[in-house]
Amino acid sequence: MQFRQKALSKLQSPEELDLPVRFARPQGRLVLAVTLVVMAAATYWAFTGTVSSRLSAAGILTRAEGSYVLQTPIAGQVTEVLAEEGQLLAAGAPLLNVRTEQGERPVRLVTGGRVTTLVAKVGAVIATGADVATVERVKDPQDPLVAVLYVPGGSGSAIPVGAPVDLSLPSVPRQQFGMLRGRVEAVGRAPLTQAQIGGFLGDGALAEEFSRRGNPVAVVVALERSSSTPSGYRWSSPGGPPYAVDSRTPVTGAVHLSARRPVDWLLP
């Protein structure tokens, strides 16, 4: 009761009504100002800033039309090999001579291209349908290379055409010569089976490796050309490696996905 009487008497006393009321201390104003600045910066970044991400996938350098495995239509013993690995042959050109019961007969290329692998050797006995060579479908050795990346099937829809790609080659030291530059040229519409990948690459072992985590989607990357580098392509370093890069070289590609604004996540 005594405390209540003191409180009432203090309220009724006009002796301090002329004093100013202090709403915030100087330290409080500083904290408020900093908070407002941080909120304003966060709001500005939410509307104008971007968040980028990358998708990594394994692949290979090749020609746009791929390769195929040449199989012999005849059985017999190889008596002569008429081409060398790396040689460019026209469609229908003889690759091997095979001794059969009807005499010597040639095994010819179905489609013209560059012989990348010769399996059959002189003296070998081959059966009908046996693999004798791998041929890369190319008309001109100067035709540009492309990189084909095999990404998980569910990630293909997130990759836009034109997205920049950085390609690392195990045969090119990254710290010294950097990465190969490219852009997404095409994205497959449907996942590929192991047989489809093997048919394009002409290599069953690579097809098995790329299909290890399920049926992937093929992403074709066009390499950026440059007349100032020995390889003829643009690198993240000024000159790139002092030698050319060849097809059938494995690569690891990092696709830069489209940047998104944070406000897009807050306001879907």
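*Asks:* Quick one: what's the story with the pattern of salt bridges, residue by residue and with numbers?
*Replies:* Tallied over the full model, the rule gives 7 salt bridges. R248 is paired through a salt bridge with D203; the nearest N and O atoms lie 3.7 Å apart. Of this pair, R248 sits in the loop between strand 13 (216–223) and strand 14 (250–256) while D203 sits in the loop between helix 4 (194–201) and helix 5 (204–210), and the two are 45 residues apart along the sequence. Residue classification places D203 among the partly exposed residues on the basis of a relative accessible area of 23%. Via salt bridges that share partners, R63, R114, E136 and D246 belong to a single interconnected network.

*Asks:* Quick rundown of the nonpolar core? Include the residues and the values.
*Replies:* If you look at the biggest cluster of nonpolar residues, it comprises 26 residues, and the most contacted ones within it are L61, L149, L167 and L169. Elements represented by at least two residues in this core include exactly strand 1 (54–62), strand 10 (146–152), strand 11 (164–168), strand 12 (180–187), strand 13 and strand 14. Broken down by element, the residue count for this core peaks at 4 residues, all from strand 13. The contacts of L61, once residues within four sequence positions are left out, are L145, V146, A147, L169, L180, L223, V245, D246, S247, R248, T249 and V251. Among the nonpolar cores identified, the runner-up in size contains 19 residues, and V98, V115, A120 and I126 belong to it.

*Asks:* Please give an account of the sheet that holds strand 6 (residues 103–108) that cites residues and values.
*Replies:* If you walk across this open sheet you meet the 4 strands as 6-5-3-8, and the pairing is antiparallel. Only two strands of the sheet have a single neighbouring strand rather than two, namely strand 6 and strand 8 (125–126). Inspection of the sheet shows strand 3 (residues 76–81) paired to strand 8 by 2 bridges, in the antiparallel sense. Following the sheet pairing, Q77 is matched in strand 8 by V125.

*Asks:* Could you give me a rundown of the sheet that holds strand 1, with the residues and numbers involved?
*Replies:* If you walk around this closed barrel you meet the 6 strands as 1-10-13-12-11-14, and the pairing is antiparallel. Going across the sheet, the axis of each strand differs from the next one's by a mean of 40°, ignoring polarity. Pairing of strand 11 with strand 12, which is carried by 4 bridges, proceeds in the antiparallel orientation. Bridge pairing links L167 to L180 in strand 12. Across the sheet, helix 4 touches strand 1, strand 10 and strand 13, and the angle it forms with strand 10 is around 170°.

*Asks:* Outline the packing of aromatic side chains, supporting the account with residue identities and numerical values.
*Replies:* Applying the stated rule across the entire model yields 2 aromatic pairs. Considering the side-chain rings of Y150 and F210, the 4.8 Å spacing of their centres and the 25° angle between planes classify their relative orientation as stacked. One end of the pair, Y150, is in strand 10; the other, F210, is in helix 5, and 60 residues separate them in sequence. Here Y150 falls in the buried class, since its relative accessible area comes to 7%. Residue class for F210 comes out buried when judged on its relative accessible area of 10%. When the ring of F177 is compared with that of Y243, the centres are 6.5 Å apart and the planes differ by 80°; the resulting orientation is edge-to-face. Separated by 66 residues along the polypeptide, F177 in helix 3 (residues 174–177) and Y243 in the loop between strand 13 and strand 14 bring together distant segments of the chain.

Cut-off values and rules
- Residues numbered from 1 in each chain as written.
- Predicted model: local features only at pLDDT ≥ 70, side-chain atom pairs only at ≥ 80, totals over all residues.
- Heavy atoms only, no water.
- Salt bridge = Lys/Arg side-chain N within 4 Å of Asp/Glu carboxyl O.
- Helix = DSSP H or I, 4+ residues; strand = E, 2+ residues; numbered from the N terminus.
- Buried < 20%, exposed > 50% of the residue type's maximum accessible area, 1.4 Å probe, protein only.
- Core = buried A, V, L, I, M, F, W, Y, C linked by side-chain atoms within 4.5 Å.
- Contact = heavy atoms within 4.5 Å.
- Pairing = 2+ DSSP bridges.
- Axes fitted to C-alpha atoms, helices over the stretch in contact; angles between N-to-C directions.
- Phe/Tyr/Trp six-rings, centres within 6.5 Å; stacked < 30°, edge-to-face > 60°.

Remember, this is a structural readout, not a statement about activity or role.
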